[in-house]
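Spelled out from the first residue to the last, the chains are:
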Amino acid sequence: MIVAVLAAVPLWAGDRSAGVFIFTAPDGTRRVINVPAVGPAPSPVPDGQAERRNQLWPAVQEAAKRHGLDPQLVDLVIRMESGYNPRAVSARGARGVMQLMPETAQLYGVRNIFDPLENLRAGVHYLRDLLQRFNSDLTLALAAYNAGPEAVTKHGGVPPFDETRSYVRSILGAYQGGGAPAHLAGGFGKAVVGRPVELVAEAGKAVIANVHHSGEAAVDRPLALR
């Protein structure tokens, strides 16, 4: 069993290891977000426009840190939404790098929806709010980003839309296995492949542990979240 004692290492917004990342809620509390496993191999997440992706990467990191998200997750959402095209417009009217609907952009104070920095910051804020709304359930937050939170609430889970289900599976699959090509500049790299985890108590401390299956040998190496 690989464990990490939370009190022993500093945790920052967006830290991820062993199939989890640490989400910092608006009130400053931190929550362990499990990255769900997916079934059959999903469709790959597009790489996006390399030059624009590299240019926006510092802003992705800044916005993700501000809202307690993993920048690699934000990167995958942008690649799925627009491929880093700031002028992208969907058939439903979503616009910009994070494909905000005009009413959502207005809600988050966006003046120019095609400004990639404004769009990015509002989109990351919106994704953070969806995680908060759906009790830190990453699957539901991603489904809500694609289909709208009302659709998730109405169906009591991921809506039965092929597009939404493919969207969620693709992002989660890439996020589990590392969806950022290493050849790009700006710190992109392949993420650690995770496996299911559980929270346990040990000597009065919170511990993250890989789910231990019968017959597996225990592993004593501490796992730091960084």
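The preceding data block contains the structure.
Residues numbered from 1 in each chain as written. Predicted model: local features only at pLDDT ≥ 70, side-chain atom pairs only at ≥ 80, totals over all residues. Heavy atoms only, no water.

1. Some points on the overall build of the protein
Along its length, the protein carries 7 helices and 6 strands. Secondary structure of the protein in N-to-C order comes out as β-β-β-β-α-α-α-α-α-α-α-β-β. Residues classed as buried in the protein amount to 47% of the 226 residues present. Of the contacts formed within the protein by residues at least 6 apart in sequence, a portion of 53% connects residues at least 24 apart. Accessible surface, the protein as shown: approximately 11,200 Å² in total, 53% of it carbon and sulfur. (Helix = DSSP H or I, 4+ residues; strand = E, 2+ residues; numbered from the N terminus. Buried < 20%, exposed > 50% of the residue type's maximum accessible area, 1.4 Å probe, protein only. Contact = heavy atoms within 4.5 Å. Areas by Shrake-Rupley, 256 points an atom, 1.4 Å probe, with all protein chains shown as cover.)

2. Remarks on the packing of helix α2 (residues 71-81) against helix α5 (residues 138-147)
Contact geometry for α2 and α5: axes closest at 12 Å, N-to-C directions at 30°. Comparing their axes, α5 and α2 come out roughly parallel. Considering only the axes of α2 and α5, their crossing is right-handed. Packed against α2, whose contacting residues are Leu73, Val77 and Glu81, the element α5 presents Leu138, Leu142 and Tyr145 at the interface. (Axes fitted to C-alpha atoms, helices over the stretch in contact; angles between N-to-C directions. Parallel < 35°, antiparallel > 145°, perpendicular 65-115°, else oblique. Left-handed = near helix turned anticlockwise from the far one by under 90°.)

3. Here's the deal with the layout of surface pockets
Its boundaries defined by the atoms lining it, the largest pocket holds a volume of some 530 Å³. The wall of the largest pocket is formed by 22 residues, among which Arg92, Gln99, Met101, Tyr145 and Asn146 lie closest to the centre. Contributions of two or more residues to the lining of the largest pocket are made by α2, α3 (102-107), α5, α6 (149-155) and α7 (162-177). In terms of residue count, α5 provides more of the lining of the largest pocket than any other element does, 4 residues in total. The residue inventory of the lining of the largest pocket, partitioned by class, reads 12 nonpolar, 5 polar and 5 charged. (1 Å grid on protein atoms, 1.4 Å probe; cavity = no way out; pocket = protein on both sides within 12 Å on 5 of 7 lines; lining within 4 Å. Points joined across faces, edges and corners; volume = space filled by probe spheres on them. Nonpolar A, V, L, I, M, F, W, Y, C, P; charged D, E, K, R; others polar.)

4. Some remarks on the packing of helix α4 (residues 116-133) against α5
Angle between the axes and distance between the axes: these two values describe a pair of packed helices. α5 packs onto α4 with a crossing angle of 130° between their chain directions and a minimal axis gap of 8 Å. Classified by the angle their axes make, α4 and α5 are oblique. Seen from above, α4 lies across α5 with right-handed handedness. In this structure, α4 contributes Gly123, Tyr126, Leu127, Leu130 and Leu131 to the contact, and α5 contributes Leu138, Ala141, Ala144 and Tyr145. In terms of residue class, the contact of α4 with α5 is made up of 8 nonpolar, 1 polar and no charged.

5. So, the pairing of strand β3 (residues 20-24)
For β3, the buried fraction is high: 5 of the 5 residues fall into the buried class. When β3 meets strand β4 (residues 30-34), the two strands line up antiparallel, connected through 5 bridges. Each bridged residue has a counterpart across the sheet, and for Phe23 the counterpart in β4 is Arg31. Counted along the chain from β3 to the antiparallel partner β4, the turn is 5 residues long, and its residue Gly28 has a positive phi close to 95°. (Pairing = 2+ DSSP bridges.)

6. Overview of the nonpolar core
Counting 47 residues, the largest nonpolar core has Phe21, Leu69, Leu120, Leu138, Leu142 and Tyr145 as the members making the most contacts within it. At the level of secondary structure, the elements contributing two or more residues to this core comprise β3, α1 (50-66), α2, α4, α5 and α7. Apart from the residues within four sequence positions on either side, Leu142 is in contact with Leu73, Val77, Tyr167, Val168, Ile171 and Leu172. (Core = buried A, V, L, I, M, F, W, Y, C linked by side-chain atoms within 4.5 Å.)

7. Side note on unusual backbone geometry
Residues other than glycine seldom take positive phi values, yet Gln99 does so here, at roughly 50°. The topology assignment puts Gln99 in the loop between α2 and α3. Despite not being glycine, Ser136 shows a phi value in the positive range, around 65°. Tracing the backbone shows Ser136 in the loop between α4 and α5.

Geometric values such as these leave the question of function open.
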